[in-house]
Amino acid sequence: MSNTVVINNPVESLKMVQLGRLHGNLFVYQFNTEGLEPKRKSWQYQKYLANTFHPASREAYERFLGVFKEKRWGVLVGEPGSGRETAAIALHTSCGLQVHQVQFGQDNDNPDETPHRLLGRTKPIPGAGYIVDLSTMNSVDEQVIHAIRVLWQKLEGYDAALIVITPPGMYDSAFPEVPVFRVDRPPAIDVLAKHLKHFPDAEGIEALARWAQVKTLMAKASPADAVRMANVGFLAFSARDTQESMGAWINEAIGIYSDWKAELDRWFDEHKGGPEAAWNRIVLVSVATFEGLDSEKILRAADTLAPMLGVEKGDAGGLTGLGVEPTLRLVGAERGEDGRVRFTKPEYATAVLDYVWSQLPRIHEELLAWTDAIAADHPKECLDAVSSAWIGLALRRNDPELTIRLLNEWVDGKAPRKAAARLAAEVASWPDFGSKMRRKLYEWSRKPKTDEHAAVVAMACAIYSRDDVVSALFRLKWLAQADSVKAREAALDALEEIADDTRGFFDVVRTIVDDWNRPGVPDERRNIAHRFVIGCLARTKDGIPELLLRVESTSGELRDRTVRHVADMWRSVLGQRGDEATLEAVGPWVAYLLESEAGCELVTRILVEAVTGTAQVPGVVEANGRTIVLGQMIIEWCDRHGVDRGTRPVYELLMRLFTTNEPVRSREG
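So, how was this worked out
Residues numbered from 1 in each chain as written. Predicted model: local features only at pLDDT ≥ 70, side-chain atom pairs only at ≥ 80, totals over all residues. Heavy atoms only, no water. Helix = DSSP H or I, 4+ residues; strand = E, 2+ residues; numbered from the N terminus. Expected span 1.5 Å × (residues − 1). Buried < 20%, exposed > 50% of the residue type's maximum accessible area, 1.4 Å probe, protein only. Contact = heavy atoms within 4.5 Å. Salt bridge = Lys/Arg side-chain N within 4 Å of Asp/Glu carboxyl O. Axes fitted to C-alpha atoms, helices over the stretch in contact; angles between N-to-C directions. Parallel < 35°, antiparallel > 145°, perpendicular 65-115°, else oblique. Left-handed = near helix turned anticlockwise from the far one by under 90°. Nonpolar A, V, L, I, M, F, W, Y, C, P; charged D, E, K, R; others polar. Patch = residues over 30% accessible without salt bridge, like charges linked within 9 Å, V, L, I, M, F, W, Y side chains within 5 Å. Areas by Shrake-Rupley, 256 points an atom, 1.4 Å probe, with all protein chains shown as cover. Lys, Arg positive; Asp, Glu negative; His and termini not counted. Charge placed at Lys NZ, Arg CZ, Asp CG, Glu CD. pLDDT = per-residue confidence, 0-100. Pairing = 2+ DSSP bridges.

A short note on unusual backbone geometry
Here Asn398, not a glycine, exhibits a phi torsion of approximately 50°, which is positive. Secondary-structure assignment places Asn398 in the loop between helix H18 (380–396) and helix H19 (400–412). Located in the positive-phi region is Asp542, a residue other than glycine, with phi close to 55°. Within the secondary structure, Asp542 sits in the loop between strand E9 (540–541) and strand E10 (544–545).

Some points on H19
Three- or four-residue spacings in an α-helix give side chains the same orientation, since the helix completes a turn every 3.6 residues. With 13 residues, H19 extends 19 Å from end C-alpha to end C-alpha; this agrees with the ideal 18 Å at 1.5 Å per step. Along H19, the residues that are buried comprise Pro400, Leu402, Thr403, Ile404, Leu406, Leu407, Trp410 and Val411. On its buried face, H19 sits against helix H16 (348–359), helix H17 (364–377), H18, helix H20 (417–428), helix H21 (435–446) and helix H22 (451–464).

Things to note about the side chain of Asn517
Of note, Asn517 is situated in the loop between helix H25 (502–516) and helix H26 (523–538). Residue class for Asn517 comes out buried when judged on its relative accessible area of 7%. Setting aside anything within four residues of it in sequence, one finds Asn517 in contact with Ile512, Arg526, Ala529, Ser572 and Gln576.

Focus on the pattern of salt bridges
One pass over the full model with this rule turns up 27 salt bridges. Arg58 is the partner of Glu62 in a salt bridge, and the nearest nitrogen-oxygen pair spans 3.4 Å. With Glu62 and Arg58 both in helix H4 (residues 58–71) and four residues apart, this pair spans about one turn of that helix. A residue is classified by how much of its surface remains accessible, and Glu62, at 39% relative accessible area, is partly exposed. Its salt-bridge partner being Arg640, residue Glu580 comes within 2.7 Å of it at the nearest N-O pair. Of the two residues, Glu580 is situated in helix H29 (residues 580–595) and Arg640 in helix H31 (residues 620–640); the sequence distance between them amounts to 60 residues. Since its relative accessible area comes to 44%, Glu580 is described here as partly exposed. Here the salt bridges do not stand alone but share partners, grouping Asp294, Lys297, Arg340 and Glu381 into one network.

What about the packing of helix H9 (residues 212–219) against helix H11 (residues 246–258)?
Relative to each other, H9 and H11 sit at 25°, their axes nearing to 10 Å. Relative to H11, the element H9 lies roughly parallel. Judged by the sense of rotation from one axis to the other, the crossing of H9 with H11 is left-handed. Where H9 abuts H11, its residues Gln213, Val214, Leu217 and Met218 lie against Ile250, Asn251, Ile254 and Tyr257. Taken together, the residues of the contact of H9 with H11 break down into six nonpolar, two polar and no charged.

Section: a negative patch on the surface
A cluster of acidic residues, Asp493, Glu497, Asp500, Asp501 and Glu546, forms a negative patch on the protein surface. With three residues, the top contributor of residues to the negative patch is helix H24 (residues 485–500). Here Glu497 lies in helix H24.

Remarks on the confidence of the model for the chain
For the chain, mean pLDDT is 82; residues scoring 70 or higher make up 87% of the total. Contacts of residues 1–39 to residues separated by more than four positions or lying in other chains number 118 contacts, the stretch itself having pLDDT below 50. Counting contacts from residues 663–669, a segment whose pLDDT is below 50, to residues more than four positions away or on other chains yields five contacts.

Side note on the pairing of strand E2 (residues 73–77)
Counting buried positions along E2 yields five of five residues, so the element is predominantly enclosed. Covered by surrounding structure in E2 are Trp73, Val75 and Val77 together with Gly74 and Leu76, the residues of both alternating faces. Direction of pairing for E2 relative to strand E5 (residues 161–166): parallel, over a ladder of five bridges. By the bridge assignment, Val75 is partnered in E5 with Val164. In this sheet, strand E6 (residues 180–182) lies alongside E2 in parallel orientation, the contact comprising three bridges.

This is the structure:
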């Protein structure tokens, strides 16, 4: 991923992950993370952080890195804002490990789960670098300390590592046997210079760190402030006139970094009073929301907002109005050669939205209703823009409740279901900021207000499962046992969509087989689990079971793992009495057995493994029961379709099935 492309696109930047915390109006853009259980950061994001990490003492950091590479665990002690998390990520990256963060209090699975239980169920993953941040907790008891030690013991034997983050003097002495590194805050000017080096296509931008006024600003700045200065500087540098002096773009960057509020105060003061001034304000808000779209879409959006605020529509571009260009100039925007509208000042759009939301609180409800109208009646390009703009507004204000209000407006209003689901999924996938959205989806999954709410939850879970599959499946679990038939069907559809993805397939199968399709589970959820498994087993492509195609498309350890999961799916349905649905699932497998000599061994291997016992489900009685059910299903299918049971592939399969448990029988008896 190119740093230049990401940072040069403010709309996309708003979708990036927050760094640490939001301080006032400060908002720092970074690369996206993938949230799994535990939260997994993308490799591109890790490398970016590792490459731009600037320790206060490089020598001390390198010494600790040498110890950490040998010990594979350590404690990082530092004040908030010192770069503790970035240091941990850099350490793991230096060892070639992918970062996984154990998040406390994010209702990643059960919202009421205690920290030590969350640590207890954290799975060791080869090649993972775990981060446990104790500074996010109000208190840490002995159970948590013990759980961290147990996690480390579980990681031994894996190519993995563990870092604990803690504030000074709190929990750093809780692990006396662990190497400790103190993370001190580096000078902001050094952080700025390091980040500027990562704009290789911006020759000359390094002058920003040498500018006297910038040095003065950075003297009291935090590392996060320095990152923001680097991003702002790049935006101003990219938009500069190459003929203008160096000081011009640097001064503009300083102005953007400092604040646009004074300029907006002047603009709003100049545009107050009658309908014409009100229309100009509406155009300003529309450009801020839809910057980068063409003028027709922006002015149509303004036309939609005007009557909601009791303002008469202006006539920009009409017979009597000012025209498009003069109207845009009034709000500080212009139309480029590509026809798309942009403000002349970098980052001005976000400043406008922040200003309007904070200074004009009496129109909040109208603005939220406007987003619903946009979602319902305007092109998808407008929908994506308004969603990004409002999520960005909420992020900068650190106001997750705003995203909940937006979701409620869309679900109860006219916005398409898919739009509401995408909104919920995008917010829910953020590790910290998305916790309240995940809580809302959890509440709706436990007790859907309507079938529409249930459908939105299901679709949102299917989307954000790519980031946090455990969280998504936990919510679908409740939806699958809802009173409403439509809610349960929505959960089934979501399961099937998640399982289409290779990574999601394994997680769904394990959840279904181990937790959903067993005695003691509510009948509604167990029925959904059974239907999901049967549907997967019966589904074909060109007459071949899709699960066989999935197996055949893999190799090595992944192939063996896929075979085990498919066998477990068969085992889960064969433990019950055979029915017509099971018979329909058996059919394509027997048909493929008859048609493909090359596929005989694979089909036989999976079905034999399905009927035999496992470490979790041992014993001859259960295995014999599964064998009888499967044997009866095969014979029944052959009889219905006029297939001789003595046909060699069928006969050999039946013989393997009925003799496979003989060694077990002799051992047990």
